[in-house]
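Structural overview for review
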Amino acid sequence: IETFSPPPGVGAMGHSLGGKVSTMLAGIDSRVTALFGIDPVNGASPFGGYNETMPDVVPEVTSGLGISVDFIGETTNGTGGSFGMACAPLDQNYQTFFEGSTSATWAAEHTFEGADHMDFVSDTTGCGFTCSACTAGSADPAVVLQGTYTLAAAFFLRHLDGDGSMEAFLTGTVPPGVTVRSR
């Protein structure tokens, strides 16, 4: 009988607010050893700013993450948007998560040129106003989604499964239209 050996840690991943919540989880649960944030937004409540349920996590949480992190995103929705509200404000976007992760054992930031905040979502049917609030980018959403899948798989294979060959997909031959910074 073959025995199962689980990886030494678990991964956390989320998009937008889910990316922020995944970061919060990584900050309090030591089992999380790999964090993949998909266009995370460190936003606050529009009615009261940061609070106990919606804290400021950059750099308050990100600076203490001594794990592998990768934050992917776009800058199309850094300003503007419906009603003048940006979907992923430049001062709260994935780049701030990367910059704030000063203790990370491995860190990367992947920018999808021309993508918009909703391009990272595989099914936008029925999301109504939420999907229409973000300015559309020039990138092909299917290409952005495929690039996201590729990077997520490579990241978790590299940092949870120990497959060093995945490093090439993360910092070398990245998907088309993607730029990378790593440390």
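Cut-off values and rules
- Along each chain, residues carry numbers from 1 onward, in the same order as the chain's sequence is written.
- With pLDDT at 70 or above as the cut-off, local features in this predicted model cover only qualifying residues; side-chain atom pairs require 80 or more to be listed or tallied, and sums for whole chains, interfaces and linings still use all residues.
- For side-chain calculations, the full set of non-hydrogen atoms in the structure is used, while hydrogens and water are omitted.
- What makes a salt bridge here is a side-chain nitrogen of Lys or Arg within 4 Å of a carboxyl oxygen of Asp or Glu, nothing more.
- Working definition: helices are DSSP H or I runs of at least four residues, strands are E runs of at least two. Numbering for both runs from the N terminus.
- Each residue's exposure class comes from its accessible area (1.4 Å probe, protein chains only) as a fraction of the maximum for that residue type: buried when under 20%, exposed when over 50%, partly exposed otherwise.
- Among buried residues, those of type Ala, Val, Leu, Ile, Met, Phe, Trp, Tyr and Cys that are joined through side-chain atoms within 4.5 Å constitute a nonpolar core.
- Here, two residues are considered to be in contact whenever any of their heavy atoms come within 4.5 Å of each other.
- Think of a polar contact as two N or O atoms within 3.5 Å of one another; within protein, one of them needs to be a possible hydrogen donor and the other a possible acceptor, and neighboring residues in sequence only count if both atoms come from side chains.
- Helix span, expected: 1.5 Å multiplied by one less than the number of residues in the helix.
- By construction, the arc corresponds to the directions joining the helix axis to the C-beta atoms.
- Strand pairing is assigned whenever DSSP detects at least two bridges linking the two strands.
- Under this scheme, a helix contributes an axis fitted over its contacting stretch, all axes are lines through C-alpha atoms, and angles between N-to-C directions fall in the 0 to 180 degree range.

1. Focus on the pattern of salt bridges
Considering all chains together, one arrives at 4 salt bridges under this definition. Between glutamate 99 and arginine 181 there is a salt bridge, with the nearest N and O atoms lying 2.5 Å from each other. Pair noted here: glutamate 99 is in helix 2 (residues 94-100) and arginine 181 is in strand 5 (residues 178-182), with a separation of 82 residues, a long-range link. By relative accessible area, which is 45% here, glutamate 99 ends up partly exposed. Residue class for arginine 181 comes out partly exposed when judged on its relative accessible area of 38%. Salt-bridge contacts for arginine 181 lead to glutamate 109; the nearest nitrogen and oxygen are separated by 2.7 Å.

2. So, the nonpolar core
Phe36, Ile72, Phe112, Phe120 and Phe155 are the most contacted members of the largest nonpolar core, which totals 21 residues. Those residues in contact with phenylalanine 155 that sit more than four places away from it in its chain are Ala34, Leu35, Phe36, Ser68, Val69, Asp70, Trp106, Leu160 and Leu170. Within the second largest apolar cluster, 14 residues are counted, among which are Leu35, Val57, Ile67 and Phe97.

3. Digging into the side chain of histidine 117
Residue position: histidine 117 is located in the loop between strand 4 (106-112) and helix 3 (128-132). With a relative accessible area of 4%, histidine 117 lands in the buried category. Looking at histidine 117, its side chain comes within polar contact range of the side chain of serine 16, at 2.8 Å. In this view, histidine 117 contacts His15, Ser16, Asp39, Val41, Glu74, Asn77, Cys87, Ala88 and Cys134; residues no more than four positions away in its chain are not counted.

4. Re helix 1 (residues 17-28)
With 12 residues, helix 1 should reach 16 Å at 1.5 Å per residue; the first-to-last C-alpha distance of 17 Å fits that figure. Within helix 1, burial applies to Gly19, Lys20, Ser22, Thr23 and Ala26. For helix 1, the angular spread of the buried residues around the axis is 160°, confining them to a single face. For helix 1, the elements touching its buried residues are strand 1 (10-15), strand 2 (32-38), strand 3 (68-73) and helix 2.

5. Section: helix 4 (residues 141-159)
For helix 4, which comprises 19 residues, the first-to-last C-alpha distance of 27 Å matches the rise-based estimate of 27 Å (1.5 Å per residue) to within 8%. The complete set of buried residues in helix 4 reads Val144, Leu145, Gly147, Thr148, Leu151, Ala152, Ala154, Phe155, Phe156 and His159. Residues of helix 4 that are buried sit in contact with strand 1, strand 2, strand 3, strand 4 and helix 5 (167-172). For helix 4, the side-chain oxygen to backbone nitrogen distance between the N-cap and alanine 142 is 3.0 Å, and the N-cap itself is aspartate 140.

6. Structural notes on the sheet that holds strand 1
One open sheet accounts for 5 strands, arranged 1-2-3-4-5; its pairing is mixed. Each edge of the sheet is formed by a strand with only one pairing partner; in this case those strands are strand 1 and strand 5. Strand-to-strand twist in this sheet, taken as the mean axis angle between neighbours without regard to direction, amounts to 15°. Here 5 bridges tie strand 4 to strand 5, and the two strands are oriented antiparallel to one another. Within strand 5, the position partnered with phenylalanine 112 by the bridge is valine 178. Sheet strands in contact with helix 1 are strand 1, strand 2 and strand 3, and its direction is about 155° off that of strand 1.

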